[in-house]
Amino acid sequence: MPKRATKVVLSEKEQEALTRMSRRYRSEQQVALRARIVLAAAQGYSNAQIARDLSINVDTVRLWRDRWVGLQGIDLDTLSMAERLQDAPRPGKRPEITAQQRCQIAALACEAPSKAARPISQWTGREIADEVMGRGIVKQISPRHAARLLKKGGSSCTTYAIG
């Protein structure tokens, strides 16, 4: 037998804030959709009915209904309405190379290798990785990863050759 949907009860203040968020022109569409899900759940609609009405997956409705109910005990001063409707933190390891370090690597790739006392005409993955570590931009980086960062970042320098 399927589990009954968790009942959502909204205060007047929550109802007004969610309605405003769902209708506001500048709201992120994901946040507006989540607000509509919670509002519909508070009106007593089933997960399946909300999913049909909003043309989304029933699992999405279930997730946001349950997440909202789990946060209901927390007052709005502690956790704002926008924070309640944000994505949960993603799992996994955080990137070790910052945006600033990426910029430094891209700037290095734009320099002529001869400026770094390298006897080559074009940067290679190995050479750029050695130079990046030598300058202390990052502690450790593989030649392949250095080359991938430059390729991903769209470095337009003509003095870099992947290889």
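None of these values were measured; they are calculated from a predicted model.

Student: What exactly am I supposed to notice about the packing of helix α1 (residues 12-23) against helix α2 (residues 29-42) here?
Tutor: The geometry of a pair of packed helices is captured by two quantities: the angle between their axes and the separation between those axes. Running from amino to carboxyl end, α1 crosses α2 at an angle of 140°, the nearest separation of the two axes being 8 Å. The pairing of α1 with α2 is recorded here as oblique in orientation. The handedness of the crossing between α1 and α2 comes out as left-handed. Of the residues in α2, those touching α1 at Gln15, Leu18, Thr19, Met21 and Ser22 are Val31, Ala32, Ala35, Arg36, Val38 and Leu39.

Student: Where do I start with helix α7 (residues 125-134) in this structure?
Tutor: Every α-helix carries 3.6 residues per turn, so stepping three or four residues along brings you back to the same face. For α7, every residue scored as buried is listed here: Gly125, Glu127, Ile128, Ala129, Glu131 and Val132. Remark: glycine 136 follows α7 within two positions and exhibits a positive phi of approximately 80°.

Student: How should I be thinking about α2 in this particular structure?
Tutor: The end-to-end C-alpha distance of α2, which contains 14 residues, comes to 20 Å, matching closely the 20 Å that a straight helix rising 1.5 Å per residue would cover. Of the positions making up α2, those classed as buried are Val31, Ala32, Arg34, Ala35, Ile37, Val38, Leu39, Ala40 and Ala41. Each element contacted by the buried residues of α2 is listed here: α1, α3 (47-54) and α4 (58-71). Of the residues trailing α2, glycine 44 is marked for its positive phi of about 95°.

Student: I'm lost on the pattern of salt bridges in this one. Help?
Tutor: Proximity of charged atoms lets side chains of opposite charge pair with each other. Going through the model one piece at a time under the given rule, you end up with 7 salt bridges. Residue glutamate 131 is joined to arginine 118 by a salt bridge in which the shortest nitrogen-to-oxygen separation is 2.9 Å. Of this pair, glutamate 131 sits in helix α7 while arginine 118 sits in the loop between α6 (99-110) and α7, placing them 13 residues apart in sequence. Residue classification places arginine 118 among the buried positions, given a relative accessible area of 18%. The salt bridge partner of glutamate 131 is arginine 135, with a shortest N-O separation of 2.9 Å. Through salt bridges with shared partners, a single network forms among Glu111, Arg118, Glu127, Glu131 and Arg135.

Student: Teacher, can you tell me more about the packing of aromatic side chains here?
Tutor: Given two aromatic rings, one states the distance between the centres and the angle between the planes to describe the pair. Summed over the entire model, instances satisfying the criterion amount to 0 aromatic pairs. It is arginine 67 that lies over the ring of tryptophan 64; its NZ or CZ is 4.3 Å from the centre.

Quick notes on the rules
Residues numbered from 1 in each chain as written. Predicted model: local features only at pLDDT ≥ 70, side-chain atom pairs only at ≥ 80, totals over all residues. Heavy atoms only, no water. Axes fitted to C-alpha atoms, helices over the stretch in contact; angles between N-to-C directions. Helix = DSSP H or I, 4+ residues; strand = E, 2+ residues; numbered from the N terminus. Parallel < 35°, antiparallel > 145°, perpendicular 65-115°, else oblique. Left-handed = near helix turned anticlockwise from the far one by under 90°. Contact = heavy atoms within 4.5 Å. Buried < 20%, exposed > 50% of the residue type's maximum accessible area, 1.4 Å probe, protein only. Expected span 1.5 Å × (residues − 1). Salt bridge = Lys/Arg side-chain N within 4 Å of Asp/Glu carboxyl O. Phe/Tyr/Trp six-rings, centres within 6.5 Å; stacked < 30°, edge-to-face > 60°. Lys NZ or Arg CZ within 6 Å of the ring centre and 35° of its normal.

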